[in-house]
Amino acid sequence: MTADIRPATTADVAAVKAVTDAAYRHYIERIGVVPAPMEADHAAEVAAGRVYVTGDPVVGVLVLVPHEDHLFLDSIAVHPEAAGRGVGGRLLAFVDARARALELPEVRLYTNAMMWENQKIYPRYGYELVERRVDGPYDRFHYRKSL
């Protein structure tokens, strides 16, 4: 069920930052840099209509960027206090539904090579590894899912 996922509003910006920071903070030491989602301009992303949230208070965040031939999942964050409640699965189902609604045939994403938990999660949701590529300070695994 994805009905409880809605576009973020200006009033959600602080919560978007808080959930993103909580979800990614523990990776800083492991990867040696601040994860890109933590440095995003959340207010600008919300204003651009790219951010979706779930929960009251907000416990899950998506940043989606439509392209001509795919939907890019720029960021997915679940507050650690909501872990194990199916929030991530609902968010990923929403991503698929959003891509289909936009008539886009594919979803793409990447994850840091040091975020090995994600390398186990994404294939379970139908994503296939496309390549590993270094982008600046980030060593990333790129995935795609055909719809």
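Residues numbered from 1 in each chain as written. Predicted model: local features only at pLDDT ≥ 70, side-chain atom pairs only at ≥ 80, totals over all residues. Heavy atoms only, no water.

1. Topic: the overall build of the protein
The test is simple: Counting from the N terminus, the helices are DSSP H or I runs at least four residues long and the strands are E runs at least two residues long. Put simply, the radius of gyration uses C-alpha atoms, and a globule should come to 2.2 Å times the residue count raised to 0.38. Whether a residue is buried, partly exposed or exposed follows from its accessible area with a 1.4 Å probe, protein chains only, as a fraction of its type maximum: under 20%, in between, or over 50%, in that order. In this analysis, two residues are considered to be in contact whenever any of their non-hydrogen atoms come within 4.5 Å of each other. Every accessible area reported is derived by Shrake-Rupley at a probe size of 1.4 Å, with residue values counting cover from the shown protein chains alone. Two residue types count as positive, namely Lys and Arg, and two as negative, namely Asp and Glu; His and chain ends fall outside the count. We put the charge of a Lys on NZ, of an Arg on CZ, of an Asp on CG and of a Glu on CD.
Within the protein one finds five helices and seven strands. Mapped from its N terminus to its C terminus, the protein presents α and β elements in the order β-α-α-α-β-β-β-α-β-α-β-β. Over its C-alpha trace the protein gives a radius of gyration of 14 Å, about what one expects of a compact globule, namely 15 Å for 147 residues. If you line up the protein on its principal axes, its C-alpha atoms span 35 × 35 × 30 Å. Within the protein, the fraction of its 147 residues that count as buried is 43%. Of the contacts made within the protein by residues no fewer than 6 positions apart, 60% connect residues no fewer than 24 positions apart. Entry remark: accessible area of the protein is about 7,800 Å², with carbon and sulfur atoms responsible for 53%. Positive and negative charge centroids in the protein, built from 17 and 20 side chains respectively, lie 4 Å apart.

2. Observations regarding the packing of aromatic side chains
To keep it simple, the criterion reads: The pairing test for Phe, Tyr and Trp rings, Trp by its six-membered ring, is centres within 6.5 Å, and the orientation test on the planes gives stacked under 30 degrees, edge-to-face over 60, and tilted for anything in between. Note on geometry: a ring has a charge over it if NZ (lysine) or CZ (arginine) is within 6 Å of the ring centre and within 35 degrees of the ring normal.
Applying the stated criterion across every chain yields a total of five aromatic pairs. Taken together, Tyr122, Tyr127 and Tyr143 form an aromatic cluster joined through their ring pairs. A cation over an aromatic ring shows up here: arginine 30 above the ring of tryptophan 116, its NZ or CZ 3.8 Å from the ring centre.

3. Focus on unusual backbone geometry
Omega for the bond connecting aspartate 56 with proline 57 falls within 30 degrees of zero, at 10°, which places this linkage in the cis form. In this structure, proline 57 sits in the loop between β2 (51-54) and β3 (60-66). The residue glutamate 103 is not glycine, and still its phi comes out positive at about 60°. On the accessibility criterion, glutamate 103 (72% relative accessible area) is exposed.

4. Comments concerning helix α4 (residues 87-101)
Note the following rule: Take the residue count of a helix, subtract one, and multiply by 1.5 Å to get its expected span.
Under the 1.5 Å per step criterion, the end-to-end length of α4 is 21 Å for 15 residues, consistent within 8% with the ideal 21 Å. If you check which residues of α4 are buried, you get Val87, Leu91, Leu92, Phe94, Val95, Asp96 and Ala99. Phi for glutamate 103, located one or two positions after α4, is positive at around 60°.

5. Some remarks on the nonpolar core
Test applied: Here, nonpolar core means buried Ala, Val, Leu, Ile, Met, Phe, Trp, Tyr and Cys residues that are tied together by side-chain atoms lying within 4.5 Å of each other.
Of all hydrophobic cores here, the largest spans 23 residues; its most connected members are Leu62, Leu64, Leu73, Ile76, Val95, Tyr122 and Tyr127. Elements represented by at least two residues in this core include exactly β3, β4 (71-78), α4, β5 (106-112) and β7 (138-146). Among the elements that line this core, the one with the most residues is α4, at six residues. Apart from the residues lying within four places of it in its own chain, the contact partners of leucine 73 are Leu62, Val63, Leu64, Leu92, Val95, Val107, Arg108 and Leu109. With 17 residues, the next largest nonpolar core counts Tyr24, Tyr27, Val61 and Met115 among its residues.

6. Regarding the side chain of threonine 54
Secondary-structure assignment places threonine 54 in strand β2. Judged by relative accessible area, which is 3%, threonine 54 ranks as buried. Apart from the residues within four sequence positions on either side, threonine 54 is in contact with Asp4, Ile5, Val59, Gly60, Val87 and Leu91.

7. Describing the pairing of β5
Put simply, the test is: When DSSP finds two or more bridges between a pair of strands, those strands are recorded as paired. The definition of a right-handed crossover adopted here requires that, viewed with the strands pointing away, the path from the first strand over the helix to the second runs clockwise.
With respect to burial, β5 is a largely interior element, five of its seven residues being buried. Relative to β5, β4 is paired through three bridges, and the arrangement is parallel. In the strand pairing of β5, phenylalanine 72 is matched with arginine 108. Between the parallel elements β4 and β5, the chain passes through α4 in a crossover that is right-handed.

In short, geometric facts, not functional conclusions.
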